[in-house]
Amino acid sequence: MEPVVPQEITAELTQILANLVLGDNKIRSNAEQAVNDRLAQTPDLYLLALAQFSIAADTEVMRSFSLVLLRRLLFRAAPGQQPREGPRLTLYDQLPTHALTTLERLLLHSLSHEPLDAVRRKTVDTVCDLANNSMSRGRPWHALQAQTFTMSQTGEVGFRECAYRVFSGCPNLVMDLQTDAVLTVFRKGLEDAQSVEVRLAALRASVSYLTACDQHQLSHSLSLLLPMLDTLPSLPCTHLKSFIGSLTPLCTTNPNLFAPHMNVLLPFLRGLIMPSADSGPTPTVAKPFPGASTCFTFPPGVPDSRIHSDSDESAEEEEKELVRKAALEFMVSLSEAKPVLAKRSEGWTAAMVRASLEGMGELPEDGLDAWLEADPSEDAQDESYPHVYEHSLDRIACALGGKAVLPPAFQYIPSMLANYDWRLRHAGLMAIAAIAEGTNKVMQMELGKVVDLVTPMFKDVHPRVRYAACQCVGQLCTDLEEIIQDRYHQQLFAALIPTLEAPEPRVHSHAAAALINFCEGVERDTLVPYLDPIVERLLKMLNPGAEDGKIVKSYVQEQAITTLAMVADASETTFAKHYTSIMPLLLNVLRNANSSDHYKLRAKAMECAGLIAIAVGRNVFRADANTLIDLMINIQNSPVDPSDNMLPNYLIATWAKICQALGPEFEPFLPVVMPPLLNAASAKADVSIYSDDDDVGETREGWETISMDGQTVGIRTSTIDEKCQAFDTLVVYCATLGGRFAPYLTQSLELSLPALKFYFHDGVREAASRLVPLLFTCGKQSGTLTSQMVAASFLQLIRCIQAEPDPSFLSSLYRAVADGLRVVGIPSLTQDLQSALVQAINHQLHTLADKRRRRSETPEDDREELALLEEVEEFALEDMEKLLKMMDGQHPLLIAISSVRDLGVSQWDSEDERDSDS
């Protein structure tokens with residue numbers, strides 16, 4: 001192909017690219033700067049030179065590298081453009097039409113002439129990026145369309161695969177063509193007899209096409225799914241995972257497509273997720289999964305008679321396990337997207353449940369010593385644990401509910417708990433914990449039987465089973481909060497309290513963790529009779545005494561302190577009898593736990609001391625208040641260790657607890673605590689805006705990425721979490737101290753009003769909305785509140801109401817206005833402000849009415865989700881109604897609120913009704 005750029009440009013670029021791949025950082029940095037300089041001056045020349053280099057370079061490495069670099073550069077921000085400065089322009093947008101035409105021609109040449117598959121795939125990636133971005137800007141690429149269709153019919157396997165890769169990466173390429181013509185091409189690829197890779201590429205292209213179709217196109221493309229599914233049965237195990245994984249996204253986007261094929265899919269998928277396709281022998285107590293040692297065979301029913309070496313067999317087993325997980329993920333994803341399909345397909349739910357239970361029982365038999373020595377915080381990274389199967393069971397339960405999941409689950413769980421193999425006993429307990437959330441409405445009707453199954457497992461001989469029993473009870477206490485504590489506290493306390501003395505640190509610390517979940521839903525009077533034995537054992541965990549001779553693990557001490565804090569919080573003043581045993585220990589921790597490996601222990605001790613202070617009250621706490629405050633001041637004024645990311649939040653939160661405990665007596669300490677608190681509350685969001693050529697695949701620790709205005713934005717979460725904690729603490733100080741908080745009224749109000757629009761963290765906005773009326777109270781009690789403060793606050797609240805899209809925060813805004821008016825009186829709301837408020841409310845009513853009218857056209861299957869959304873909206877309507885009635889009991893908009901309510905979708909009464917209707 002004839003050169004399209006001068007020879008000197010090609011020569012210069014050749015040298016720059018050679019330097020870019022060198023290991024010398026200085027040379028590479030200079031080459032990167034050279035690229036940026038050339039692109040700033042003549043972007044068209046150097047981008048075309050890169051495209052030409054992808055054809056003319058001698059080596060595979062350099063052709064691939066030039067394609068990758070071209071792809072990254074084309075759509076990065078144009079030089080000199082500031083982030084969020086109008087529409088985002090890229091280098092592509094600066095290219096003249098003739099340069100774009102030449103670029104397209106060069107890439108088409110690479111696509112059709114590149115001899116190596118590896119390089120050609122890089123060409124496909126670049127071509128798809130260019131095509132997608134060009135079409136989004138209104139520039140079609142008809143030549144690519146024609147060439148890709150031609151390549152799909154060629155005799156060369158590599159080029160056929162390449163064509164379907166283009167269709168997959170750029171489905172819009174065929175959206176304007178006759179549907180029958182497109183389906184014919186895709187079917188041909190799906191039935192390609194020569195190459196599995198072509199069939200896989202055609203499958204991915206088909207998935208992309210069906211996902212991008214509108215309803216009209218989709219209705220004419222239903223016949224494509226059968227040849228897509230027909231690619232599966234004949235595949236060897238090595239390819240099956242990729243094919244199933246490629247189909248899975250379609251389960252989420254278009255689950256209805258699979259409805260006619262459920263009866264065919266089930267026996268095939270069941271053969272992949274379970275050891276045998278048939279039901280096998282009847283389960284017994286001793287062997288709940290008979291035949292579970294049978295090997296997988298793929299395709300189902302076709303035995304593999306070849307003899308393998310051990311390494312071959314190991315590799316094959318790994319492949320089978322990957323296929324098993326891929327098939328289960330397909331089934332779970334489809335069930336989540338369209339629960340009614342799973343419920344109506346007999347055997348579908350049972351297969352998923354049994355497969356998940358079997359997978360959960362496949363722990364390594366050995367390794368107990370390592371598990372006992374490991375820190376529990378490392379469990380999430382334990383690759384030997386069957387996280388996938390446990391998570392799948394949780395998802396199945398949440399998607400399908402108790403009526404569908406509990407019967408098949410409890411067909412096996414009782415016999416698992418009675419099994420001789422500790423791994424199945426462990427799995428049975430973890431299974432109950434996994435399904436509790438999704439099945440809680442039905443499970444509570446049989447809760448007594450569940451408790452009777454679980455509590456004997458606390459005496460199991462194997463420590464991992466007892467650990468699982470603690471996990472199970474803790475999860476049940478969360479998912480059936482108050483219900484299980486109220487009905488079965490005797491049985492649960494009888495199991496948990498002795499387990500606090502288990503010989504294994506991992507077990508007794510997990511029993512303490514389960515107690516936290518228990519205490520969160522327990523009534524004070526229920527807890528009090530058990531308080532002494534609980535505290536006694538927690539103190540022993542925290543400080544076992546020298547005669548024990550064992551070094552207490554730090555995670556055990558941290559857990560003991562955390563549980564003591566929760567027990568104190570739940571038992572309130574009754575905890576006073578244990579105060580003198582515990583507070584000195586906590587103060588000692590705060591004095592001495594200064595090394596980096598004790599940072600978490602120190603933070604937990606702070607939290608516990610604060611909660612105990614609140615529980616016992618100021619009269620009991622007063623004797624130690626100054627000591628604790630001095631220790632807190634010393635910690636606050638000590639040099640900051642950047643690695644101690646817990647300290648700022650825990651300091652702020654503990655000061656708030658001390659304030660709550662001391663009440664008005666905390667006032668003298670405000671000059672100590674307020675400067676750093678106001679500094680934290682005034683923090684700006686630490687934000688990074690990533691360009692397309694930034695690698696954000698691995699998010700930095702302490703950062704999260706979100707999409708905003710078409711850009712990828714990184715936010716430092718530690719900064720905004722600390723800001724949220726600071727606002728919550730301002731709420732506590734102002735509510736507790738009232739008029740005594742007056743010296744900080746103006747500063748706090750100046751921070752709160754802008755924070756109502758701090759969209760990076762909902763917690764900051766919620767706290768700010770609560771703080772404004774509290775500051776009114778402070779100002780009124782102290783005589784420092786001015787009419788300008790009141791007017792500015794109401795104006796900002798009304799502006800937020802006008803613009804707020806989130807119904808849950810709208811409720812908070814309405815309450816803030818109403819609470820403020822209760823403090824300062826209705827006359828403080830001037831006529832202009834009243835008009836603005838009514839206009840804002842009217843705007844929100846119109847917006848909500850329009851949303852509900854559009855929802856009335858929503859398919860019936862989505863109405864359950866919409867009912868949950870409208871439940872949130874109903875809270876906003878209630879608070880809106882209360883505010884209007886406060887202003888005028890006969891306000892005309894009250895009728896409008898009733899009219900908007902009538903537009904809502906009908907809500908299901910319960911999960912039972914939901915299940916019975918499906």
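Scoring rules and cut-offs
Residues numbered from 1 in each chain as written. Predicted model: local features only at pLDDT ≥ 70, side-chain atom pairs only at ≥ 80, totals over all residues. Heavy atoms only, no water. Axes fitted to C-alpha atoms, helices over the stretch in contact; angles between N-to-C directions. Helix = DSSP H or I, 4+ residues; strand = E, 2+ residues; numbered from the N terminus. Parallel < 35°, antiparallel > 145°, perpendicular 65-115°, else oblique. Left-handed = near helix turned anticlockwise from the far one by under 90°. Contact = heavy atoms within 4.5 Å. Nonpolar A, V, L, I, M, F, W, Y, C, P; charged D, E, K, R; others polar. Buried < 20%, exposed > 50% of the residue type's maximum accessible area, 1.4 Å probe, protein only. Polar contact = N/O pair within 3.5 Å; in protein donor to acceptor, adjacent residues only side chain to side chain. Phe/Tyr/Trp six-rings, centres within 6.5 Å; stacked < 30°, edge-to-face > 60°. Lys NZ or Arg CZ within 6 Å of the ring centre and 35° of its normal. Salt bridge = Lys/Arg side-chain N within 4 Å of Asp/Glu carboxyl O. pLDDT = per-residue confidence, 0-100. Expected span 1.5 Å × (residues − 1).

**A word on the packing of helix H31 (residues 599-616) against helix H32 (residues 618-637)**
Here H31 crosses H32 at 155°, and the two axes come no closer than 11 Å. Taken together, the axes of H31 and H32 are roughly antiparallel relative to one another. You can see that H31 and H32 cross each other, and the crossing is left-handed. In this structure, H31 contributes Arg602, Met606, Ala609, Ala613 and Val616 to the contact, and H32 contributes Val620, Phe621, Leu628, Met632 and Ile635. For the contact of H31 with H32, a count of residues per class yields 9 nonpolar, no polar and 1 charged.

**Considering the environment of Leu774**
Tracing the backbone shows Leu774 in helix H37 (residues 762-782). By relative accessible area, which is 25% here, Leu774 ends up partly exposed. C-alpha separation for the pair Leu774 and Val731, spaced 43 residues apart in sequence, amounts to 7.4 Å. Once you skip the residues sitting within four places of it in the chain, Leu774 turns out to touch Val731, Cys734 and Ala735.

**Section: the side chain of Arg76**
Positionally, Arg76 belongs in the loop between helix H4 (60-74) and helix H5 (91-94). Residue classification places Arg76 among the buried residues on the basis of a relative accessible area of 17%. A distance of 2.4 Å separates polar atoms of two side chains, one belonging to Arg76 and the other to Asn36.

**Some remarks on helix H36 (residues 745-755)**
Of the residues making up H36, those classed as buried are Leu745, Ser748, Leu749, Leu751, Ser752, Leu753 and Ala755. Considering only its buried residues, H36 is in contact with helix H34 (670-681), helix H35 (717-737), H37 and helix H38 (787-803).

**Notes on the side chain of Arg120**
Tracing the chain through its elements places Arg120 in helix H7 (residues 117-136). If sequence neighbours within four positions are ignored, Arg120 has contacts with Leu111, Glu114, Pro115, Gly158, Phe159 and Cys162.

**Focus on the packing of helix H22 (residues 422-443) against helix H24 (residues 463-479)**
Two elements in contact, H22 and H24, have axes separated by 8 Å at closest approach and are oriented at 5°. Viewed along their axes, H22 and H24 adopt a mutual orientation that is roughly parallel. Across the interface between the two elements, Trp422, Arg425, His426, Leu429, Met430, Ile432, Ala433, Ala436, Glu437, Asn440 and Met443 of H22 pack against Arg464, Val465, Ala468, Ala469, Gln471, Cys472, Gln475, Leu476 and Asp479 of H24. Partitioning the contact of H22 with H24 into residue classes produces 12 nonpolar, 4 polar and 4 charged.

**Some remarks on the packing of aromatic side chains**
Across all of its chains, the model carries 16 aromatic pairs by this definition. Note on Trp655 and Phe666: the rings are 6.3 Å apart at their centroids and 55° apart in plane angle, and the pair reads as tilted. Taken as a pair, Trp655 in helix H33 (residues 647-662) and Phe666 in the loop between H33 and H34 lie far apart in primary sequence, 11 residues in all. Across this residue pair, the class does not change: Trp655 and Phe666 are buried. Each member of the aromatic cluster is reached from another via a ring pair, and the members are Phe149, Tyr164, Phe167, Phe186 and Tyr209. A cation sits over an aromatic face here: Lys723 above Phe758, 4.9 Å from the ring centre.

**As for unusual backbone geometry**
Residues other than glycine seldom take positive phi values, yet Glu482 does so here, at roughly 75°. As for its position among the elements, Glu482 is in the loop between H24 and helix H25 (483-499). For Glu572, which is not a glycine, the phi torsion comes out positive at approximately 60°. Tracing the backbone shows Glu572 in the loop between helix H29 (554-571) and helix H30 (579-592).

**Some thoughts on the environment of Thr439**
Structurally, the position occupied by Thr439 is in helix H22. The buried category is assigned to Thr439, whose relative accessible area is 0%. Linking Thr439 and Gly401, residues 38 residues apart in sequence, is a C-alpha distance of 5.0 Å. Sequence-distant contacts of Thr439, that is, excluding residues within four places in its chain, are made with Ala397, Gly401, Gly402, Val405 and Leu406. Of note is the side chain of Thr439, whose polar atom sits 2.7 Å from the backbone oxygen of Ile435.

**Quick look at the pattern of salt bridges**
In the structure shown here, the tally under the stated rule is 42 salt bridges. Measuring nitrogen to oxygen at the nearest pair gives 3.4 Å for the salt bridge that ties Glu667 to Arg740. Of this pair, Glu667 sits in the loop between H33 and H34 while Arg740 sits in the loop between H35 and H36, placing them 73 residues apart in sequence. A residue is classified by how much of its surface remains accessible, and Glu667, at 34% relative accessible area, is partly exposed. Via salt bridges that share partners, Glu321, Arg324, Lys325 and Glu362 belong to a single interconnected network.

**Looking at the confidence of the model for the protein chain**
In the predicted model, the protein chain carries a mean pLDDT of 86, and the fraction of residues at 70 or more is 89%. Across residues 276-282 the pLDDT falls below 50, and counting only partners more than four positions away or on other chains, this stretch makes 5 contacts in the model. Contacts from residues 907-918, a stretch scored under 50 in pLDDT, to residues over four places away or in other chains number 23 contacts.

**Observations regarding H4**
Look at H4: 21 Å from first C-alpha to last across 15 residues, which is about the 21 Å you get at 1.5 Å a residue. What H4 keeps buried is the set Met62, Arg63, Ser64, Ser66, Leu67, Leu69, Leu70, Leu73 and Leu74. Of the surrounding elements, those touching the buried residues of H4 are helix H1 (7-20), helix H2 (25-41), helix H3 (43-56), H5, helix H6 (97-113) and H7.

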